[in-house]
Amino acid sequence: SNPNNNNDAGTGAAASAVPADKKLSIGFFGFAKANSFAQATWAGVQEYANANNAEATFLDSNFDGPTQVNQLQDAVTSKRYDVMIVQANDGTAVVNPVKQAVAAGITVVVEFTPIGGKYDTIEPQVPGTINIIDPPTVNGDGLAKMALEGCQTVTDGACKVAYFQGFANYPLDTARTEAAVNALKAGGASEVISNFVGGYTPDSGRGAMQNLLQAHPDVNVVIGSSQALQGATPLAAGKKITFVGNGGSQQAYDFVEKGTWYGTYAMPEKAQGAKAAELGIKKARGETVPEATDACSTLTDYACLGTKDKLAGKTADYSD
Amino acid sequence: MSSQKAPSIAVRGVGKSYSGVSVLHDIDLDIAPGEVHGLVGENGAGKSTLLKILGGAIKADAGGLSFDGEQVTVGSPRDAIKHGISLISQEGALVPALSVLDNVFLARWSHRGGLVSARADRKRLAGLIETTGFTVDPDARVDGLPIGVQQQVEILRSLARGARVIAMDEPTAVLAEHEKENLLALIRTLAAGGTTIILVSHFLEEVLSVADRITVLRDGALIRTLTAGETSPRELVGHMVGREIDVLYPDPQPVPDGAPVVLAARGLRRGLVNGVDLEVRAGEILGIAGLVGSGRTETLRLLFGADRATDGVVEVDGVTLAQHSPRTAMAAGVALVPESRKEQGLVMQRSVAENVALSSLSGRRTGPFVKRPAEKTAVGEIAKSVDIRAADPEAPIETLSGGNQQKALFAKWLLRKPKVLLIDEPTRGVDVAAKTQIHHLITGLAADGMAVVCVSSEIEELLALSHRVLVLRHGEPVGEYPRGTSPEVVIAAAFGSHEGEPR
Amino acid sequence: MSVDTLPKTAAPEAGNMSRLAFRMRDYGIVAALVIIVIALSVSTDTFLTSGNLVNLLDQTAVIGLLATGATICIISGVFDLTASATLALSAIIGVQVGRVTDVYVGMLAAVVAGALLGFVTGTVVVRSGVNSFVGTLATSMVYRGLAVMVTGGAIVYPLTASAETFGMLTWPSLFGLTSATIMFVVVVAILAVVVSRTTFGRRLYAVGGNAEAARLSGIRVGSIHVTAFMISGVCSALAGLILASRAGSAQSTMASGMELTAIAAAVVGGTSILGGEGAVWRALVGALLLTLIGNGFNLLGWDTIYQQVLQGLLILFAVTMDRWLRKRTR
Amino acid sequence: MSVDTLPKTAAPEAGNMSRLAFRMRDYGIVAALVIIVIALSVSTDTFLTSGNLVNLLDQTAVIGLLATGATICIISGVFDLTASATLALSAIIGVQVGRVTDVYVGMLAAVVAGALLGFVTGTVVVRSGVNSFVGTLATSMVYRGLAVMVTGGAIVYPLTASAETFGMLTWPSLFGLTSATIMFVVVVAILAVVVSRTTFGRRLYAVGGNAEAARLSGIRVGSIHVTAFMISGVCSALAGLILASRAGSAQSTMASGMELTAIAAAVVGGTSILGGEGAVWRALVGALLLTLIGNGFNLLGWDTIYQQVLQGLLILFAVTMDRWLRKRTR
Ligand SMILES: Nc1ncnc2c1ncn2[C@@H]1O[C@H](COP(=O)(O)OP(=O)(O)OP(=O)(O)O)[C@@H](O)[C@H]1O
Ligand SMILES: Nc1ncnc2c1ncn2[C@@H]1O[C@H](COP(=O)(O)OP(=O)(O)OP(=O)(O)O)[C@@H](O)[C@H]1O
Ligand SMILES: [Mg+2]
Ligand SMILES: [Mg+2]
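The shown structure was predicted, so the numbers you read here are calculated from the model rather than taken from an experiment. (Residues numbered from 1 in each chain as written. Chains lettered and ligands numbered in written order. Predicted model: local features only at pLDDT ≥ 70, side-chain atom pairs only at ≥ 80, totals over all residues. Heavy atoms only, no water.)

1. Quick notes on the domain arrangement of chain B
Residues and elements named next belong to chain B.
Moving on, step 1. For chain B, the domain assignment lists domain 1 (9-241), domain 2 (248-333 + 419-503) and domain 3 (342-417).
Moving on, step 2. When each unit is reduced to the centre of its C-alpha atoms, the spacing between domain 1 and domain 2 is 32 Å.
Moving on, step 3. Each partner contributes to the interface: domain 1 provides 22 residues, whereas domain 2 provides 17 residues.
Moving on, step 4. Contact with domain 2 buries area across many residues of domain 1, yet Glu177, His178 and His202 alone supply 31% of it, more than any other trio.
Moving on, step 5. Of all elements in the fold, only helix H5 (147-160), helix H6 (177-192) and helix H8 (233-241) reach the threshold of two or more residues within the side of domain 1 that touches domain 2.
Moving on, step 6. Broken down by element, the side of domain 1 that touches domain 2 gets its largest block of residues, four residues, from H6. (Domains from an automatic or database assignment. Contact = heavy atoms within 4.5 Å. Buried area = accessible area lost by both parts, 1.4 Å probe. Helix = DSSP H or I, 4+ residues; strand = E, 2+ residues; numbered from the N terminus.)

Below you can see the structure in the form of structure tokens.
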């Protein structure tokens, strides 16, 4: 169910193609079962798999890198899955087991976060894997772009932007923060505040926002994870502050629609899951699929930059 | 024990205070090489403090020490050990989870290239056991041993170090009569071999019999040093408390005829304890005698329900204690003053008042709240009656001297006004005056109708206090003796040599 | 025949002196807190604004509640590593019950769930005889797992009609403080009284200080522990309600790992992990100190790269100062 | 004058009996492990394959090394919460030094860094006199912060030319085991001997069992603690090298939170958190048990929704069984 998937840059067929009438088994190695984003991916994976003679299983690593490594390794041992879709908690730690999986003839689809340490490319960093990802630097650039646009809606003077980091100084977050901050500065923001950790919960976002308003009451735009901004937004009631969220949750859509937020970086996550399943199944069945897919440009016609007009009439895949 | 001769020790102007309260001031003391020097004084007089300073366990605030005329700094136990001083502290300093062997040679293990050689240590220990006559299992974990045996382990440790000066803080407090004799003999042997011994004890006879000279401390000050041959217990006590007093055991009042049996036990069994029967009437004091490890402590614990008997019953006022536990026993009016104040008795980091009030909390409350004024009054009264001396009743009980802790433990159980009082070593570490006080208390309580069961390693005390004495041997009763029996007869029974037939 | 002895209590002034010193030494951590507060007041002009102080207390509420529960458990000699899992599970139960009844009943249900979960944790630890550290760790895995099972991994929301009411704990209330702050302060005050003034409190300290002595004094060591876990469970549930109220929803990953921050706050406040010592006000001070450090950094605008290092150093400074003041007067 | 006492050692048979019971009671946790192994061998046909056993040991290596360090610290009476931060920082140092020299020098540098960081941690804890729990917690924040500062929050890689060599710990080696496994086994064996057979080992137990008694016996309690932290630091560095070697890179967030899993493994193995007891083999058993449970679930392919609940229950089962066996024979 994806309109533009015909850019077959082409990669070789899987080591041993599975005939179309044999049921395929897919392992989905998601962030955590208790995570609505991963649940959205899961819904897409499951839906596509069920419709295409495949069966999917969710392996819950509960946000833990080493656990995921063990799960991948054990999955190779148990030969339980023909296709693995990996949503990596720690992109570098899983490199080895993913290599083992590829060597064992298992089709590996890398979804959402890159595997390997490069955060600025969609190319697979482990040979033989298929990528459908949204590189963090692209994500950061997109956030900056929307923030600069958003500024125009609340001020016609200098633009002061606060960027709430996710986890403090996680490499992935660092890469995204850096990209966003650079893009903001290059794009003409007068001041960029990036020393606040907003985290990924409404509560941590609320705390960060409270402190931000004390230290910088004149801020114009706040960027942060959709969860963090959920906690932050009520505190800005009555102030001329707009927000740019990172995430395509129901709440984010609502805020954008109401105009409280200028926009949100909205990845159609269910579609991405479905796409990942599609790529994996096709490759396992011997078809040729592209090695690298940029999720935003492939799955949306607005490069995930979900402003009010772009999101109009669309529904979110998950809520947080 | 050592090739080097013991030094002469000179203590000059030593003082120590805690939180601004001086507990030791301006102590000048000279001890000759090879001397046995006794140190006596009331509870809290500062004896342990002085010993700890000598042993490097704590630092003096003022003054200095010299050995053989040479000024030395004893800033840490390491320094003290280097100078050949070994301290056997009152609180005990064993590592619970380690074996007897490892404790005796603590930090002095035989080793080859860093690898411990247990075999060599075993041999050394066998030698030590032979010289002392102690019986200990080298492989037993020390936390499972009776306190008396633990004390022996500490003594063995000092000997193992080949110390030139051994400072002993109440080493005999938990030993049975014959083991005390053993230890005193050992002290004489060591002194004859040139080791200097400093002995703290509340048993004045004992100190007089073994010491060359005796120093009396009072309120942290040195009152006088006397030659053992030229003084008497009476004179010592006079110096200790500041005036002459009589130290006599009070006689218990006879048990009234027809007094009901309050506590009865039949066929108690568990572990070593093998079929103990006993009956105690209201107003009666039953003594239990026996050697270290004969099962006296265990018998009391079974009576109280601290351990549950595998066999047998305990009755209070003719009613069997079902679901026997400390709670049910307490509800039936039984109280146990346990043997080890550190392990079973006190909550060391809590205050004196809290400890004393602990077993009778529910008696003084309004709803869920502690009635603090009532508690203060009650604790104050009982503390006065057993003479607890604490500078600050709100300070942790661990800052009290050993004897005062013991009195607090006693007070805690008296506060409940029990029907049956089980006492394990009632006067351990308590000074002479206070000991008499406690004896008066016990006999007074019995006179008021309380049934008392008392275990004591001090046979004189036991015989003086009790109406009857039950002797245990290997966990079995081997005889019962009335008041007035001579100590020798009871000791013989405890050993199993039946010179004096039980009645 | 009776023996009189000399009364030998220390001279009154000396007694007062020592009592004063004794008191002083207990408040080292408060001194550290005060120093940090002064430093922040001087170096920023935003710190001492009422707005910021309201925020500060609001930010302290959750961790303060958890730290209070942790402190009570630690005093009694056990660790409660289930705190954050209990928080999540009871918040979820609260939301779910709220959907079928009403918000207030839901909130009550959350608190009851917290107490029940605490009861279960306590019973497991006491009955199995296993060390509380590993016993509660395992139990917390079970609770988190149950939370996932109950929610199917999804986020649960109150009904749209009651969403607004559900957010009540974020509303401003007395003196401009948030309702969460008020609730937190009230609960902590009650627990402070319970711990310091009741017979239960006395037993708590006795059990933590010397379980065997407590048992031989007729205290039911097991039930004291179970009660401590139940109190901790209620604190967790209340913290969970605050978080859920702020987020407008609950989910199974809520607050994960926060039990350790709570224990850290308790210990930073000066409660000994060995048990038998400590106080509820210390939990408050510890939680405040940790929150304050984070708040200060944000106000000062320091780079996050240095934040962690400096936070660590500041905590070290605070506890070391506390420790030294205590030692000096010993 | 000498009085003979009754020889009061138990009769010889009784002695042997009791010693046998003593042995038994110590191995309750091993019995639990064996039961789980048997259950897995019967219920899957993949468990007892050499490939899986190789994986299992490989998966145990990191947590096993950390648990060993944790056990040694716990025996001596301290907690080392810096373990995972030390792991990250020393791995980063190893990679960075490796870039300017060569891979082997880099690895050596990592180990030296681990020892030095352990030394610093120990010195901070001993000198400040602060409880090790909060002292090492604060120190670990400093280390993580330093790791961020050193890397600027990015991932660090060895030079491309040496990337392959850097992965050496993942290579198969003796008996088909990975080099990481071999290293782990060798290090743990050495430490087991150090702890159980040397005078240092005895001092460790003495300090943890009764620090005051140890001090009075002339043991330098402080240096024993510092040494324990240094050993833990080296274990962390080695674990860090394994992780870095697997990932082909190092970063400041590596293994975060793993110090708690390590402590859990140590305690599950049967080491008492009160100090003075425990053994290195117990760390191994604990780590193996935790890994095994995860491995078993993965092989059985059970729904992960129930996994956490069952994992918690299994851990509870294992430690309770251990506990009961010990109690019964006491
Ligand atoms: N750590 C401490 N803090 C405060 N006061 C202390 C501390 N240790 C001892 N004291 C006080 O010092 C005084 C002397 O105590 P010490 O233990 O030397 O007495 P002692 O003569 O050995 O008595 P006892 O015969 O009862 O053992 C006592 O008043 C005691 O309360
Ligand atoms: N030398 C020893 N080595 C090992 N175990 C011993 C030794 N002496 C006694 N025990 C154990 O101690 C237990 C009995 O101790 P209990 O405390 O009841 O005796 P006690 O007569 O009160 O001795 P104490 O006066 O030392 O308290 C028995 O289980 C016995 O096995
Ligand atoms: Mg003393
Ligand atoms: Mg006894």
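Picking up where we left off.
2. Considering the interface of chain B and chain C
Moving on, step 1. Of the residues lining the interface, 52 residues belong to chain B; the matching set on chain C comes to 36 residues.
Moving on, step 2. Here chain B packs against chain C, burying approximately 3900 Å² in sum over the two surfaces, 56% of which is carbon and sulfur.
Moving on, step 3. Here arginine 202 of chain C and glutamate 375 of chain B are joined by a salt bridge, their closest N and O atoms 2.9 Å apart.
Moving on, step 4. The tally of links between chain B and chain C comes to 11 residue pairs in polar contact (both at pLDDT 80 or more). (Salt bridge = Lys/Arg side-chain N within 4 Å of Asp/Glu carboxyl O. Polar contact = N/O pair within 3.5 Å; in protein donor to acceptor, adjacent residues only side chain to side chain.)

3. Quick look at unusual backbone geometry
Moving on, step 1. A positive phi is found at lysine 79 of chain A, a non-glycine position, where the angle reads about 50°.
Moving on, step 2. Looking at the element boundaries, lysine 79 of chain A is found in the loop between helix H2 (65-78) and strand S3 (83-86).

4. Overview of the interface of chain D and chain A
Moving on, step 1. Facing 31 residues of chain D, the contacting portion of chain A comprises 24 residues.
Moving on, step 2. Counting the surface lost from both chain D and chain A, the interface buries some 2200 Å², and carbon and sulfur atoms represent 46% of this.
Moving on, step 3. Per-residue buried area on chain D facing chain A is highest for Gln59, Asn298 and Thr304 of chain D; these three make up 24% of the total on that side.
Moving on, step 4. On inspection of chain D and its partner chain A, the count reaches zero salt bridges.
Moving on, step 5. At the boundary of chain D with chain A, the tally comes to 11 residue pairs in polar contact (both at pLDDT 80 or more).
Moving on, step 6. Of all the elements in the fold, those that place two or more residues in the side of chain D that touches chain A are helix H3 (50-75), helix H11 (221-247), helix H13 (280-300) and helix H14 (304-328) of chain D.
Moving on, step 7. The element contributing the most residues to the side of chain D that touches chain A is H13 of chain D, with five residues.
Moving on, step 8. For the side of chain D that touches chain A, the residue count by class is eight nonpolar, 20 polar and three charged. (Nonpolar A, V, L, I, M, F, W, Y, C, P; charged D, E, K, R; others polar.)

5. What about the site of ligand 1?
All names here are of chain B.
Moving on, step 1. Close to ligand 1 lie 18 residues; Gly44, Ser48, Thr49, Ser401 and Gly403 are nearest.
Moving on, step 2. In isolation ligand 1 has 640 Å² of accessible area, and contact with the protein removes 82% of it.
Moving on, step 3. When residues of the shell around ligand 1 are traced back to their parent elements, those giving at least two are helix H1 (47-54) and helix H14 (402-414).
Moving on, step 4. For the shell around ligand 1, the element with the most residues is H1, which contributes three residues.
Moving on, step 5. Grouping the amino acids of the shell around ligand 1 by side-chain chemistry returns four nonpolar, 11 polar and three charged.
Moving on, step 6. Looking at which domains feed residues into the shell around ligand 1, each of domain 1 (9-241) and domain 3 (342-417) gives three or more. (Near = heavy atom within 4 Å. Areas by Shrake-Rupley, 256 points an atom, 1.4 Å probe, with all protein chains shown as cover.)

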